[in-house]
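Summary of the model geometry
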Amino acid sequence: MSTFKRMPNLRADRHPELITADKLAATPVPLAQLMREHIDAGKVTQQQLAAQLGFTGEAPLRQMLSGAVKVPLSLVPALSRALGIDEIALAGLWMREHDPRLHAYFERMRELTHLSPGEVTLIEQIRTLTLGRGVIPVVFDKGPVVALLEY
């Protein structure tokens, strides 16, 4: 029996044990090779990985591992959970393999919109306080939040 635990939207900011985009960028490998490395290292069996990806048999996984079939984007969330890799980092790896120009564009956008840990905490606290309603914090000249406007 697998000890796999389903976790929605695995993100390194909430799960520090995950393999992050920085770790993936340091040693970029094809997605199929990354899956093979996890299997070869004994972190997951081929049968377990196939089941975690929603396959009834191992044939589709074998085709992906051999490179005969590319990993579909729809499998990125499940593959993220199965391999313990940040979902956004894995999606970036998928994009780098399928469309390097699009990947480069999103990387530039990500760098321009990077949030600090404090900004992430502020956003999470606002969402908690407002019960998820759409609000905009009003801040003057980098001072404290003075109001929350609902939109």
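For the structure, see preceding data.
The present account deals with the structure reproduced in this document.

What counts as what
- Residues numbered from 1 in each chain as written.
- Predicted model: local features only at pLDDT ≥ 70, side-chain atom pairs only at ≥ 80, totals over all residues.
- Heavy atoms only, no water.
- Axes fitted to C-alpha atoms, helices over the stretch in contact; angles between N-to-C directions.
- Helix = DSSP H or I, 4+ residues; strand = E, 2+ residues; numbered from the N terminus.
- Contact = heavy atoms within 4.5 Å.
- Nonpolar A, V, L, I, M, F, W, Y, C, P; charged D, E, K, R; others polar.
- Patch = residues over 30% accessible without salt bridge, like charges linked within 9 Å, V, L, I, M, F, W, Y side chains within 5 Å.
- Areas by Shrake-Rupley, 256 points an atom, 1.4 Å probe, with all protein chains shown as cover.
- Salt bridge = Lys/Arg side-chain N within 4 Å of Asp/Glu carboxyl O.
- Buried < 20%, exposed > 50% of the residue type's maximum accessible area, 1.4 Å probe, protein only.
- Phe/Tyr/Trp six-rings, centres within 6.5 Å; stacked < 30°, edge-to-face > 60°.
- Core = buried A, V, L, I, M, F, W, Y, C linked by side-chain atoms within 4.5 Å.

Some thoughts on the packing of helix H2 (residues 31-40) against helix H4 (residues 59-66)
Interhelical geometry of H2 versus H4 gives an angle of 115° and a closest axis separation of 8 Å. From H2, Ala-32, Met-35, Arg-36 and Ile-39 reach across to H4, where they touch Leu-61, Met-64, Leu-65 and Ser-66. The residue inventory of the contact of H2 with H4, partitioned by class, reads six nonpolar, one polar and one charged.

Description of a nonpolar patch on the surface
Taken together, Leu-102, Tyr-105, Phe-106, Met-109 and Leu-112 make up a surface patch of nonpolar side chains, about 480 Å² in accessible area. Given a relative accessible area of 31%, Met-109 falls into the partly exposed group.

Some thoughts on the environment of His-38
Structurally, His-38 is set in helix H2. When the C-alpha atoms of His-38 and Leu-49 are compared, they prove to be 9.5 Å apart, with 11 residues separating the residues in sequence.

Observations regarding the packing of aromatic side chains
Applying the stated criterion across every chain, the model contains one aromatic pair. Both rings, one in Tyr-105 and one in Phe-106, keep their centres 5.6 Å apart while their planes meet at 75°; by these two values the pair is edge-to-face. Classification of Tyr-105 as partly exposed rests on a relative accessible area of 39%. Taking the relative accessible area as the measure of exposure, Phe-106 reaches 41% and is therefore partly exposed.

Observations regarding the nonpolar core
Counting residues in hydrophobic clusters, the biggest one holds 24 residues, and the most contacted among them are Leu-31, Met-35, Leu-49, Leu-79 and Leu-90. The biggest single contributor to this core is helix H5 (residues 76-83), with five residues.

With respect to the environment of Val-44
Summarising the element assignment, Val-44 is placed in the loop between H2 and helix H3 (46-52). Since its relative accessible area comes to 5%, Val-44 is described here as buried. For the pair Val-44 and Ala-82, spaced 38 residues apart in sequence, the C-alpha to C-alpha distance is 8.0 Å. Contact partners of Val-44, with chain neighbours within four places excluded, come to His-38, Ile-39, Leu-49, Gln-52 and Leu-83.

Nothing here speaks to function; it is all geometry.
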